[in-house]
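So you can see what is in the structure, the chains are spelled out below.
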Amino acid sequence: MDVNEFRQAAKQAVDQIADYHESVSSRPVVSNVQPGYLRPLLPAEAPLDPEPFADIAADIESKIMPGITHWSSPGFMAFFPCSSSYPAAIAEMWSNAFNGAHFNWICSPAATELETVTLDWLAQALALPSCFLSGGETHGGGVIHGSASEAILTVMVAARDKYLAARTAHLPDGEEKEEETWRLRSRLVALGSAGAHSSTKKAAQVLGVRFATVPVDEEHGFALQGPALAHSLDELAAKGLEPFYLTTTLGTTDVCAVDDFAGIATALAPRAGTAAEVWVHVDAAYAGSALLLEENKPLTQPMAEFHSFNFNPHKWMLTTFDCSAVWVRSRAHLISALSIKPPYLRNQFSDGDLVTDYRDWQIPLGRRFRSLKLWVVLRSYGLRGLQAHIRKGVGLCESLETKLRQRPDLFTIYTPARFALLTVRLAGDDAEQVNRRTEALYEQINAAGQFYLTSTVINGKFAIRVCTGVATVQQEHIQKLFEVLVEGTEKLIGAERSAQSPGKDSMKMNGVKANGEARDSLETAGKASRNGVAR
């Protein structure tokens, strides 16, 4: 493909992409293909000779599109948003044009320096404590990773090395220090609440350290509390274990709970500044975008006592995947744990400590020019535009909650709307009936294909999660979802009552038949949903 062919093909591709976004609301939100659908549609081997690009573009629509679940659809209210925008898409094109690994400052000075500036902008917009700024008193700063899971693994590495260094600082270098280091490594424990994302446990598995869960309860909205943390720390100490790291959460995956940051800081205060200090990371992967709103900014005040913070602009801030912003209060801990300086990476700027080399702030060596799209999004929307987008999602979720509360005969709000996410359960006579009804409705809605929702189970209670943060969701879609929820619930309850209605023997026989038909109908819907929807 020469430059003129590129111009033509790229312009056609932009038109195709624009057409896709315009038509996404009319497409089934979840792909309904079966596993292995694609292989029979494609040749068994790669082509030997070039194919016309027009044929490739046509196959996008005919072969690839049927296997796409449309995360930008207004019917997508599952998980959390994976947002996109036209400004971010254009910035990705520029980033691709400037293709490079960008691991050293000299590899592309703009790629490094724009990242530093943009993350300072964003930290200020979120009201993060000044210790997380690149020019802050603790020499902190921000870096862009690919995901929150990657961020957690990276800061856990820094936390591990920081802890081991502090606990063995009294020993001279040599065999004794090495033996003590390995003894301590075998007893290290990473902590997270029962509501923390599974990426903390996965990071502990990767590092080969233990993982312990701190219980949460419904009374406190499933948020980690300081006293519960203190109790867990005491239990670990009694076993001779070494807690070194804690993931706290602003917006848990299940219900968007916010941990008790002030209580956590109090519980950990006796360890602060000692060799037993616990590294505290704030995982705000989804809900961190809500800190753009003035009413949420006070949530960040206790974080001045913590060590790292992360959120994903690619979730709710209109920045295409992948873009996960991470800040640390001290860059030295990351660099100490992750720095590499083989001869082929040395240069006069890096060797003189004149510049930032972000390769030392992450696990991979190479890195994309992700800051470009973040910078473009911030400039294209401005903070007020981004605030309006976030506030719209919040308002839509609150609107749905209001509608659901008007039908207490059908629904109970399990956790109220917060950061554009709520969880709901169906009404019922007992816990078993509530779970059964709620799961049946969930399976039914997903099988129908108009909406895609996800579920959660906490302390044995099954709940439907609804997230309204996707940019294309409007009030009309909230109203339609409410109608679908009502209609589906009324049919389920009606089928149950018909099956259980007393009467003559013939009526009882009809009831048995109706009960069986209702059960078969739910099982069929459940199977269809499980075949077409990944939970």
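Numbers given to residues run from 1 along each chain, matching the order in which its sequence is written. Totals for whole chains, interfaces and linings use every residue, but because this is a predicted model, local features are given only for residues with pLDDT of at least 70 and side-chain atom pairs only at 80 or more, for both listing and counting. Computation of side-chain values: all heavy atoms of the structure, hydrogens and water removed.

The name that an unreviewed UniProt entry assigns to the chain is Aromatic-L-amino-acid decarboxylase, with the source organism given as Purpureocillium takamizusanense. Database annotation for the chain, UniProt heading Sequence similarities (unreviewed entry): "Belongs to the group II decarboxylase family." Listed in UniProt under the heading Cofactor (unreviewed entry), the comment for the chain reads: "pyridoxal 5'-phosphate". UniProt positions are given in the numbering used here, feature names are shortened, and annotations may be inferred rather than shown by experiment.

In this description, a pair of aromatic rings is defined by centroid distance and the angle of the planes. Here is the rule: rings of Phe, Tyr and Trp (six-membered ring for Trp) pair when centre to centre is within 6.5 Å. Planes less than 30 degrees apart are stacked, more than 60 are edge-to-face, and the remainder are tilted. Scanning all chains against the criterion turns up 14 aromatic pairs. The interplanar angle of 50° and the centroid separation of 5.8 Å between the aromatic rings of Phe222 and Tyr414 together place this pair among those described as tilted. Here Phe222, found in the loop between β3 (210–214) and α8 (226–238), pairs with Tyr414, found in strand β8 (residues 411–418); they are 192 residues apart in sequence, far enough to count as distant. When sorted by exposure, Phe222 lands in the same class as Tyr414, which is buried. For the pair Phe261 and Phe306, a centre-to-centre distance of 6.1 Å together with 70° between the ring planes defines the contact as edge-to-face. Taken together, the positions of Phe261 in helix α9 (residues 261–268) and Phe306 in the loop between β5 (279–283) and β6 (308–311) put the pair 45 residues apart, joining distant regions of the chain. Comparing Phe261 with Phe306, the two get one shared label, buried. Both a distance and an angle decide whether a charge sits over a ring: NZ of Lys or CZ of Arg must be within 6 Å of the ring centre and within 35 degrees of the ring normal. Here Arg185 stacks its cationic end above the ring of Trp182, 4.6 Å away from the centre of that ring. Above the plane of the ring of Tyr414 lies Arg425, whose end atom (NZ or CZ) is 5.7 Å from the centre. Counting from the N terminus, the helices are DSSP H or I runs at least four residues long and the strands are E runs at least two residues long. Burial classes follow relative accessibility: with a 1.4 Å probe on protein chains only, a residue under 20% of its type's maximum area counts as buried, one over 50% as exposed, and anything between as partly exposed.

Time to look at the sheet that holds β6. In this scheme, strands are said to pair when DSSP sees at least two bridges between them. Judged by pairing direction, the sheet is mixed, and its 7 strands sit side by side in the order β1-β7-β6-β5-β4-β2-β3 without closing on themselves. Where the open sheet ends on each side, the last strands, each with one partner, are β1 (141–145) and β3. Pairs of neighbouring strands in the sheet enclose a mean axial angle of 20°, with direction left out of account. Across 5 bridges, strand β2 (residues 188–193) lies against strand β4 (residues 242–249) in parallel orientation. Bridge pairing in β4 links Val189 to Pro243. Any two residues having at least one pair of non-hydrogen atoms within 4.5 Å are treated as being in contact. Helix axes are fitted to C-alpha atoms over the stretch in contact, other axes to C-alpha atoms as well, and angles between N-to-C directions run from 0 to 180 degrees. Each of β4 and β5 touches α9; the most contacted strand, β4, lies at about 170° to it.

On to the state of the cysteines. For this text, the term disulfide refers to a pair of cysteine sulfurs within 2.5 Å. Taken as a whole, this structure holds 0 disulfides when the rule is applied. Of all cysteine sulfurs, the one in Cys323 lies closest to Cys107, which takes part in no disulfide; the gap is 20 Å. When its relative accessible area of 34% is taken as the criterion, Cys107 is described as partly exposed. Looking at Cys323, it has no disulfide partner, and the nearest cysteine sulfur is the one in Cys82, 11 Å off. Judged by its relative accessible area of 0%, Cys323 is buried.

In this sheet, strand β9 (residues 421–426) lies alongside β8 in antiparallel orientation, the contact comprising 5 bridges. The residue of β9 that forms the bridge with Phe411 is Leu426. Taken together, β8 and the strand that follows it, β9, pair antiparallel across an intervening segment of 2 residues, in which Phe419 is found at a positive phi of about 55°.

Spatially, β8-β9-β11-β10 is the arrangement adopted by the 4 strands of the open sheet, whose pairing is antiparallel. Unpaired on one side and paired on the other, β8 and β10 (454–458) mark the two borders of the sheet. Going across the sheet, the axis of each strand differs from the next one's by a mean of 30°, ignoring polarity. Across 5 bridges, β10 lies against strand β11 (residues 461–467) in antiparallel orientation. Paired with Ile458 across the strands is Lys461, a residue of β11. Contacts between helix α13 (residues 371–405) and the sheet are confined to β8, β9 and β11, with β8 contributing the most and set at about 160° to the helix.

With that out of the way, let us pick up the side chain of Gln225. In this fold, Gln225 is placed in the loop between β3 and α8. Exposure remark for Gln225: the relative accessible area of 19% places this residue in the buried category. Once you skip the residues sitting within four places of it in the chain, Gln225 turns out to touch His220 and Asp260.

This part covers the nonpolar core. What is meant by a nonpolar core is a set of buried Ala, Val, Leu, Ile, Met, Phe, Trp, Tyr and Cys residues, joined one to another through side-chain atoms within 4.5 Å. Ranked by internal contacts, the top residues of the largest apolar core, which has 104 residues, are Leu250, Phe309 and Trp327. The residues contacting Phe309, other than those within four sequence positions of it, are Leu126, Leu128, Phe132, His281, Val282, Ala284, Leu291, Met303, Ala325, Val326 and Trp327. Core analysis: the second largest hydrophobic core is formed by 28 residues, Leu153, Met156, Val157 and Leu207 among them.

Turning next to the pattern of salt bridges. Where charged atoms from two side chains of opposite charge approach closely, those side chains can pair. Basic side-chain nitrogens of Lys or Arg form a salt bridge, by our definition, when they fall within 4 Å of a carboxyl oxygen of Asp or Glu. Considering all chains together, one arrives at 21 salt bridges under this definition. Of the charged contacts, one joins Arg167 and Glu242 as a salt bridge, the two residues approaching to 2.7 Å between their closest N and O atoms. Here Arg167 is found in helix α5 (residues 148–167), whereas its partner Glu242 is found in strand β4, with 75 residues between them in sequence. A relative accessible area of 21% places Arg167 in the partly exposed class. Between Arg407 and Asp409 there is a salt bridge, and its shortest N-O distance comes to 2.8 Å. By relative accessible area, which is 45% here, Asp409 ends up partly exposed. Three or more residues are tied together by salt bridges with common partners; here these are Glu92, Asp322, Arg368, Arg370 and Lys373.

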